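Secondary and tertiary structure notes
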Amino acid sequence: MAGAGISTPSGIPDFRSPGSGLYSNLQQYDIPYPEAIFELMYFFANPKPFFTLAKELYPGNYRPNYAHYFLRLLHDKGLLLRLYTQNIDGLERAAGIPPDRLVEAHGTFATATCTVCRRKFPGEDFRGDVMADKVPHCRACTGVVKPDIVFFGEELPQRFFLHLTDFPMADLLFVIGTSLEVEPFASLAGAVRSSVPRVLINRDLVGPFAWRQRHNDVAQLGDVVGGVETLVELLDWKEEMETLMQKEKEKLDAKDS
Ligand code: OAD
């Protein structure tokens, strides 16, 4: 399970960290209260603030970091049953984790839907509009097109229900870089069998790690990258990580140029 804390080392602010989090830096978005940026009622009245954030987070602006590539390595080794992420920055995909291994619980910019006729589009179709600070409109009916990001009160994607079969099958759960404050995602932490070790890698104790610890819970507190590096060293995967990151860096450099 992952959250915004795995992307702060890539330069993307999280939501709730006091001072640096998005919710304490909303002057640029001109919204009345933080959650308005993900509220449908507000979006229909004024979609501009959301698209200002969308412009920032649209795939291509940021690169995956050590934490993302650790998850990719787990996949390469056939150890990743599934990655449940709350992040909408697309960095898990950018790190090479195939979409079928991912549950993007709060949606993605990879696809978008017309808010009027419900037509589906690839997110790429609207990159130009979003980058030019234009609210994208449907080619068929002219309705406002909204990237498939899950707003408060909206249903989570169908894939989220994979948790019903995934979590009982897991034999280790990593919880990385999330405050575990948003439901129903947060409750997944309690869905693994009680014999399954849960490993939190985060700046602070969160959710059940703070208030309903199990005897086999492990918390590696501090910086996410530092925590993952410690784990990689213990696993003796340091060289593999370096090779993977170098290879991926070269690919991204080639793409950029
Ligand atoms: P939060 O901002 O609520 O929590 C991020 C967690 O990561 C906090 O516990 C931070 O202390 C920790 N953290 C941040 N940077 C870190 C670092 N470099 N090292 C270690 N820990 C670090 O983000 P989420 O839990 O992902 O909804 O937020 C959940 C949802 O709330 C988001 O998906 C978003 C928002 O409403 C949507 O985007 C729809």
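Bear in mind that the values here come from a model prediction, so they are computed numbers and not experimental data.

Reading the values: rules and limits
- Residues numbered from 1 in each chain as written.
- Predicted model: local features only at pLDDT ≥ 70, side-chain atom pairs only at ≥ 80, totals over all residues.
- Heavy atoms only, no water.
- UniProt positions renumbered as here; feature names shortened; annotations may be inferred.
- Helix = DSSP H or I, 4+ residues; strand = E, 2+ residues; numbered from the N terminus.
- Expected span 1.5 Å × (residues − 1).
- Buried < 20%, exposed > 50% of the residue type's maximum accessible area, 1.4 Å probe, protein only.
- Arc of directions from axis to C-beta.
- Contact = heavy atoms within 4.5 Å.
- Near = heavy atom within 4 Å.
- Polar contact = N/O pair within 3.5 Å; in protein donor to acceptor, adjacent residues only side chain to side chain.
- Areas by Shrake-Rupley, 256 points an atom, 1.4 Å probe, with all protein chains shown as cover.
- 1 Å grid on protein atoms, 1.4 Å probe; cavity = no way out; pocket = protein on both sides within 12 Å on 5 of 7 lines; lining within 4 Å.
- Sits in = over half its atoms within 2 Å of the grid points.

Some thoughts on the UniProt feature "domain: Deacetylase sirtuin-type" (unreviewed entry) in the chain
When the UniProt feature table is mapped onto this chain, "domain: Deacetylase sirtuin-type" (unreviewed entry) is found at residues 1-238. Across residues 1-238, the secondary structure splits into 26% helix and 15% strand, with the terminal C-alpha atoms separated by 22 Å.

Details of helix α9 (residues 238-256)
Taking 1.5 Å per residue, 19 residues should reach 27 Å; α9 reaches 27 Å between its end C-alpha atoms and fits that length. Here α9 has its buried residues at M241, L244, E248 and L252. The arc enclosing the buried residues of α9, seen along the axis, measures out at 70 degrees, which places them on a common side. Set apart from the buried face of α9 by more than 90 degrees, the exposed residues are E239, T243 and A254. In this structure, the buried side of α9 is in contact with α3 (66-76), α4 (91-94) and α8 (224-235).

Some remarks on the site of the ligand
Taken together, 25 residues surround the ligand, and among them F15, R16, H106, T178 and S179 come closest. H106 is positioned with one of its side-chain polar atoms (N or O) 2.7 Å from an oxygen atom of the ligand. One of the side-chain N or O atoms of D204 is found 3.1 Å from an oxygen atom in the ligand. Burial of the ligand by the protein chains amounts to 96% of its free accessible area of 800 Å². According to the grid-proximity analysis, the pocket containing the ligand is the largest pocket.

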